[in-house]
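# Inside the fold
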Amino acid sequence: MSAKLEKLSQKLVEIFGERITPPVLSLGALTIETSATDYHEVARTLRDHPELQFEQLLDLCGVDYSTFTGWQGKRFAAVSHLLSLAFNCRLRLRSFASDEGFPVLSSVTDIWNSANWFEREAFDMFGIMFEGHDDLRRILSDYGFVGHPFRKDFPVSGYVEMRYDPEQRRVVYQPVTIEPRENTPRIVREEQYGKVIGRG
């Protein structure tokens with residue numbers, strides 16, 4: 001670990017103490033984890049503390065850990081990628097939602113405006129609710145869509161399909177018209193395949 005990251009790691013432990021996990025170095029940046037209850041306050045401190053100054057949120061993404069090999073922890077998390085221009089360093093902040101059935105985390109849009117569409121995407125794709133977000137609605141899928149496509153338990157095929165109806169001038173749902181079928185490979189062989197041809 002470089003001297004700069006070592007100093008940042010020590011500073012994070014000194015400022016947050018038990019509210020974060022010990023910083024872990026991965027892919028050239030430190031990662032810290034905090035509980036859902038401390039998430040918003042830790043995020044605000046990361047931005048406002050004079051020795052940290054993470055004034056830019058570059059990305060926020062949802063993660064579903066349900067199929068991670070050997071994973072025993074909580075299922076849904078939001079991972080934020082932060083940048084401190086003042087100190088030229090990056091940090092990952094991860095927080096897990098407490099309830100797997102209805103995952104909820106605090107919104108950080110009041111801390112970083114750039115979180116707005118990222119939180120909407122995490123809500124749409126993973127079903128993570130962001131409490132305090134003033135415009136939390138779908139961003140990529142249709143408003144009438146049921147489910148969240150990036151959840152690892154989302155069905156690959158369903159019973160309805162969506163299409164645009166030019167007469168009604170709107171998107172409509174109708175029963176699936178594709179018959180389920182079993183794909184069996186077709187084997188084509190020449191007539192003389194496997195036969196011993198005599199010499200004469």
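For the structure, check the block above.
Figured I'd write up the structure that's included with this text. None of these values were measured; they are calculated from a predicted model.

## Some details on the pairing of strand E2 (residues 29-34)
- Among the six residues that make up E2, five are buried, leaving the element largely enclosed by the rest of the structure.
- Connecting strand E1 (residues 24-26) to the next strand, E2, in antiparallel fashion are two residues, including Leu-27 with a positive phi near 55°.
- Direction of pairing for E2 relative to strand E5 (residues 89-96): parallel, over a ladder of five bridges. Considered in E5, the bridge of Leu-30 is made with Leu-91.

## Details of the pattern of salt bridges
- Enumeration according to the criterion identifies 10 salt bridges in this entry.
- Arg-44 is paired through a salt bridge with Asp-110; the nearest N and O atoms lie 3.0 Å apart. Of this pair, Arg-44 sits in helix H2 (residues 39-48) while Asp-110 sits in the loop between strand E6 (104-106) and helix H3 (115-126); the two residues are 66 residues apart in sequence, bridging distant segments of the chain.
- Across the salt bridge formed by Arg-75 and Asp-64, the nearest N and O atoms sit 2.9 Å from each other. Of this pair, Arg-75 sits in the loop between strand E3 (56-64) and strand E4 (76-84) while Asp-64 sits in strand E3; the two residues are 11 residues apart in sequence, bridging distant segments of the chain.
- A cluster of three or more residues bridged by salt bridges with shared partners is formed by Lys-11, Glu-14 and Glu-51.

## Quick notes on the nonpolar core
- Residues Leu-12, Leu-46 and Val-108 are the most contacted members of the largest nonpolar core, which totals 33 residues.
- Of all the secondary structure elements, the ones that give two or more residues to this core are helix H1 (3-16), E2, H2, E3, E4, E5 and H3.
- Formed by five residues, the second largest nonpolar core is a distinct cluster that contains Tyr-65, Ala-77, Val-79 and Phe-96.

## So, unusual backbone geometry
- With phi around 55°, Leu-27 is a residue other than glycine that occupies positive phi space.
- You can see Leu-27 is positioned in the loop between E1 and E2.
- You will see that Gln-53, though not glycine, has its phi angle at about 55°, which is positive.
- Its location among the elements puts Gln-53 in the loop between H2 and E3.
- Overall, the relative accessible area of 26% leaves Gln-53 in the partly exposed class.

## Quick word on the side chain of Arg-94
- Secondary-structure assignment places Arg-94 in strand E5.
- Here Arg-94 is in contact with Ile-32, Glu-33, Thr-34, Tyr-65, Trp-71, Ala-77, Ala-78 and Val-79, once residues within four sequence places are set aside.

## Digging into the packing of H1 against H2
- The contact between H1 and H2 brings their axes to 12 Å, and the two run at 125°. By the angle between their directions, the pair H1 and H2 is classed as oblique. Between H1 and H2 lies a crossing of right-handed hand. Residues Leu-12, Ile-15 and Phe-16 of H1 form the contact with H2, whose own contacting residues are Val-42, Thr-45 and Leu-46.
- Classifying every residue of the contact of H1 with H2 by side-chain character gives five nonpolar, one polar and no charged.

About the thresholds
Residues numbered from 1 in each chain as written. Predicted model: local features only at pLDDT ≥ 70, side-chain atom pairs only at ≥ 80, totals over all residues. Heavy atoms only, no water. Buried < 20%, exposed > 50% of the residue type's maximum accessible area, 1.4 Å probe, protein only. Helix = DSSP H or I, 4+ residues; strand = E, 2+ residues; numbered from the N terminus. Pairing = 2+ DSSP bridges. Salt bridge = Lys/Arg side-chain N within 4 Å of Asp/Glu carboxyl O. Core = buried A, V, L, I, M, F, W, Y, C linked by side-chain atoms within 4.5 Å. Contact = heavy atoms within 4.5 Å. Axes fitted to C-alpha atoms, helices over the stretch in contact; angles between N-to-C directions. Parallel < 35°, antiparallel > 145°, perpendicular 65-115°, else oblique. Left-handed = near helix turned anticlockwise from the far one by under 90°. Nonpolar A, V, L, I, M, F, W, Y, C, P; charged D, E, K, R; others polar.

Interpretation in functional terms is not warranted from these geometric data alone.
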